[in-house]
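# Close look at the chain arrangement
Chain by chain, the residues:
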Amino acid sequence: MSILYSEQEKVVTLHTASTTYQMKIDKYQRLLHLYYGVRIDDMDSSYYLQYSDRAFSGNIAEARYNRTYSLDVLPQEFPTYGMSDFRIPAIVVQYEDGSYALDLVYHSHKIYPGKYLLDGLPHTYEARDEVVDSLEIVLIDPVTKLEVTLLYSTFEKADVITRAVKVTNNGSQKVSLQKVMSASLDTMNREYDLIHFHGRHNMERQFERVRLSHQTAQFGSRRGTSSHQHNPFFILAEKETTESAGACFGMMLVYSGDFQATTELSQFETVRTQLGLGSEGFNYVLEASETFTAPEVLLSYSSKGLTTLTHQFHHLIRHHIVRGKYQYKRRPILVNNWEATYFDFDENKLLALADEAVDLGIEMLVMDDGWFGKRDNDQTSLGDWFVNQEKLPNGINHLVPQIHDKGLKFGIWFEPEMISEKSDLFKQHPEWHIHVPNRESVTSRHQYVSDLTRSDVRAYLYQVVSDILKKAPINYVKWDMNRSITNNYSLKLSPEEQGKFNYLYVKGLYELLERLTTDFPDVLFESCSGGGGRFDAGMLYYTPQIWTSDNTDAIERLTIQHGTSFGYPLSTQGAHVSAVPNHQTGRVTPLDTRAVVAYSGIFGYELDLTKLSIDEKEKIKEQTAFVKQHYDLLTNGTYYRLISPETQAGYVIWQLVSEERDESLLFIVKNKAQANTPFKMVRLKGLLEDNEYQVETYEKIITGRALMTQGLPIVETYRDYDATVLYIQKTTC
Ligand code: DGJ
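Residues numbered from 1 in each chain as written. Predicted model: local features only at pLDDT ≥ 70, side-chain atom pairs only at ≥ 80, totals over all residues. Heavy atoms only, no water.

This next bit is on the pairing of strand 16 (residues 259-265). Counted residue by residue, strand 16 has seven buried out of seven residues, so it is predominantly covered. Both faces of strand 16 are covered, namely the face carrying Phe259, Ala261, Thr263 and Leu265 and the face carrying Gln260, Thr262 and Glu264. In this structure, strand 13 (residues 217-221) lies alongside strand 16, joined through five bridges in antiparallel fashion. Opposite Gly220, over in strand 16, you have Gln260 as the bridge partner. Where strand 16 lies against strand 17 (residues 270-277), seven bridges are found, and the strand directions are antiparallel. Paired with Leu265 across the strands is Val271, a residue of strand 17. Between the antiparallel neighbours strand 16 and strand 17 lie four residues, among them Glu269 with a positive phi of about 65°. (Buried < 20%, exposed > 50% of the residue type's maximum accessible area, 1.4 Å probe, protein only. Helix = DSSP H or I, 4+ residues; strand = E, 2+ residues; numbered from the N terminus. Pairing = 2+ DSSP bridges.)

Structure below.
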């Protein structure tokens, strides 16, 4: 068992291969957090707890005459509001009498092999040879009987601990839940930096590293999706921590809607870190006997720097979040017609693209937005998921076999969660769009959001999407979502239930995705929200890949993919080669460079193949051959960030290494040309010291040790945006 309970010390210890997490039921039956860090065996860490009299830090009733005991001073496992811990609470409730105080007292716990389950929410699962154990700790308020169950699972090999929370109303009166975090963690301050990933549409997940200060740092989303602006993943790293050394831990929410991440540096220099559902608009009224489940958080610690932490999250997502047929199966190289044609296409144009695609080694044609209703621009037809007869006069059932006959797979775009005001669906069911009665709704991209909290809406969407998928053997679905949610309200929910709306929307989406992905197991789903506006572990439970960004500019993609890489593996990131001048930035980069950048993701194209020169076609043939040859390394290789975009070095360099460490790919992109540049060496990573390697373009055989300590010279090129990828192979002799 990786989870142990010491009856004598009243200490619960969770172990993974390299980490330990510990908590203690103290003499007043309160659950204190003791430790999270490098693995310690046979150790009760409560020796570090300090009991001291602190003014203005009150004492709970049981400790009335003991001024050295205050919840405000001690590290809490799941802090509450109104009972003397004045730091940021993990849970806030209000009872029918209007009071807020919640006192969570240890009641019981159980430890069992296997993974706990979360009904209707995405969650990690047990698989392969991983050892998973679980712990449930029940805490109960002695007055109101409100019950909070803290759930933990250990993924021993992955060095990850998962957490979730259930709240059950054991009383006879209603309780309103106003805040429920999925995880809260109190640690000593180690001069932490917060590393988080902010951004905007077309520029998602930009790396930012800031020192914690006594101002509470908080970020999250109020958009109904996890958002382009912030990602539900962050890291706390000690100030000296680098890619390859130092302590850090990360938290990732397995959820796709509003979220809130908080770090608070307290008056006594301890740090509280929390992650969970967003609080605004959240007011979940629990009826007697009802249970609320907060989404799962993944927690991982590394004492060996950020790269190791990254590998731990990559491992967990690849093997214990992503599911289905395409989890390990090779994904096809696709061409998507969006940037090639936008809305202006028809059957002939698609067939012409397909003809070119086959010759170039591309394996799938994806028909993007515009194939349905009267959709010739973004102002109409969302909801009318019926073929546009002018563009596809012979229907999808005629188009798909033709594409298949050419030897290509076929993919299709949907935006099921949306409804256009100009649509037949809106005329029939105006009540289906999310709106507050008697209030004008906010439009965004001319569209409204359909109310996925409603079972009739979900049933309709299931029907129309599955009808299309049954009409023809479609191989791939791109599931898009192109606006943020406003006017949050459902006609089907009572006034009292409106505070559940945001959460129920996301659960409705999950239910729909679960049904469709279960009923169409052969279809590869890729999710998208204007690119990477919903790039999170929740969506990855249903769709093994996500369109990383609408920004296809190779140079901007360097920072987007770099930021994304901290938490999410390459096998989840859609990356395409597009035309120049780039449609988002106007930048012109060489075709080779665009491919070098897109190789680090699920590879594809997003340009008009019928307009390519002979030279470009030759290059694309080489690129698709390269991806096929190195697919496993590109998708499943261990990822190392060697020179990051934020260094201003003039280069961005990253590396992939095979599991056996006998092969590697080194990617070098020059993002800023400099005059008279100094000599530069880059130290490789992940190779075997004693192995000898042949590095492409280098005559000499070089040992792994030399490549990782002395490094490899970066051969100077003069132009901006030049790029190269070098294949490195262990020599056989
Ligand atoms: C946003 C997506 O990110 C694009 O790739 C494209 O599918 C458009 N939507 C279509 O409207």
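Read on, since the account is not over.
Within the structure, the ligand sits among 13 residues, and Asp368, Asp369, Lys478, Asp480 and Asp550 are positioned closest to it. Interatomic distance of 2.6 Å between a side-chain N/O atom of Asp368 and an oxygen atom of the ligand. Gly531 has a polar backbone atom sitting 3.0 Å from an oxygen atom of the ligand. For the ligand, whose unbound accessible area comes to 290 Å², protein coverage reaches 97%. Grouping the amino acids of the shell around the ligand by side-chain chemistry returns four nonpolar, three polar and six charged. (Near = heavy atom within 4 Å. Polar contact = N/O pair within 3.5 Å; in protein donor to acceptor, adjacent residues only side chain to side chain. Areas by Shrake-Rupley, 256 points an atom, 1.4 Å probe, with all protein chains shown as cover. Nonpolar A, V, L, I, M, F, W, Y, C, P; charged D, E, K, R; others polar.)

Turning our eyes to something else, we now look at helix 11 (residues 614-636). Here helix 11 spans 32 Å end to end across 23 residues, near enough to the 33 Å set by a 1.5 Å rise per residue. By the largest-angle criterion, His630 marks the main kink of helix 11, which is about 80°. Regarding helix 11, the residues found buried are Ile620, Gln623, Thr624, Phe626, Val627, His630, Tyr631, Leu633, Leu634 and Thr635. Buried residues in helix 11 make contact with helix 3 (347-360), helix 10 (591-598), strand 29 (602-606), strand 31 (651-657), strand 32 (663-670) and strand 37 (723-730). (Expected span 1.5 Å × (residues − 1). Bend = angle between axes of the 7 residues up to and from the residue. Contact = heavy atoms within 4.5 Å.)

Another point: the nonpolar core. Formed by 191 residues in total, the largest nonpolar core has its most connected members in Trp371 and Ile396. By residue number, the principal contributor to this core is helix 7 (residues 501-519), which donates nine residues. Setting aside residues up to four positions removed in sequence, Trp371 forms contacts with Phe345, Trp385, Phe386, Val387, Asn388, Leu392, Ile396, Ile412, Trp413, Phe414 and Ile468. In this structure, Ile653, Val682, Ile702 and Leu707 belong to the second largest nonpolar core, which totals 21 residues. (Core = buried A, V, L, I, M, F, W, Y, C linked by side-chain atoms within 4.5 Å.)

Attention shifts here to the sheet that holds strand 26 (residues 524-527). Strand order in the closed barrel made by the eight strands is 20-21-22-25-26-27-28-29, with parallel pairing throughout. Pairs of neighbouring strands in the sheet enclose a mean axial angle of 30°, with direction left out of account. Where strand 25 (residues 476-479) lies against strand 26, four bridges are found, and the strand directions are parallel. By the bridge assignment, Lys478 is partnered in strand 26 with Glu526. (Axes fitted to C-alpha atoms, helices over the stretch in contact; angles between N-to-C directions.)

At the junction of Val580 and Pro581, the peptide bond is cis and its omega measures out at -10° in the coordinates. Tracing the backbone through its elements, the reader meets Pro581 in the loop between strand 28 (573-578) and helix 10. Located in the positive-phi region is Gln29, a residue other than glycine, with phi close to 65°. Assignment of secondary structure puts Gln29 in the loop between strand 3 (19-25) and strand 4 (31-38). Exposure remark for Gln29: the relative accessible area of 29% places this residue in the partly exposed category.

A separate point is the sheet that holds strand 2 (residues 11-15). Ordered by their spatial adjacency, four strands build an open sheet running 1-2-3-4, and the pairing between neighbours is antiparallel. In this open sheet, the two edge strands, each paired with only one partner strand, are strand 1 (3-6) and strand 4. Strand-to-strand twist of the sheet, defined as the mean angle between neighbouring strand axes without regard to direction, takes the value 15°. In this structure, strand 2 lies alongside strand 3, joined through five bridges in antiparallel fashion. Bridge assignment links Leu14 to a residue of strand 3, and that residue is Tyr21.

Here Ser176 lies in strand 10 (residues 175-188). Look at Ser176 and you get buried, because its relative accessible area is 10%. Within the structure, Ser176 has its side chain in polar contact with the side chain of Asn283 (distance 3.1 Å). The residues touching Ser176, leaving out its near neighbours within four places in the chain, are Val92, Val93, Gln94, Asn283, Tyr284 and Val285.

The next subject is the packing of helix 6 (residues 455-471) against helix 7. For the pair helix 6 and helix 7, the least separation of the axes is 10 Å and the interaxial angle reads 30°. One element, helix 6, and the other, helix 7, form an angle in the roughly parallel class. Where helix 6 crosses over helix 7, the handedness of that crossing is right-handed. Residue-level inspection shows Arg458, Leu461, Tyr462, Val465 and Ser466 of helix 6 in contact with helix 7, the latter providing Gly508, Glu511, Leu512, Arg515, Leu516 and Asp519. Grouping the constituent residues of the contact of helix 6 with helix 7 by class yields five nonpolar, two polar and four charged. (Parallel < 35°, antiparallel > 145°, perpendicular 65-115°, else oblique. Left-handed = near helix turned anticlockwise from the far one by under 90°.)

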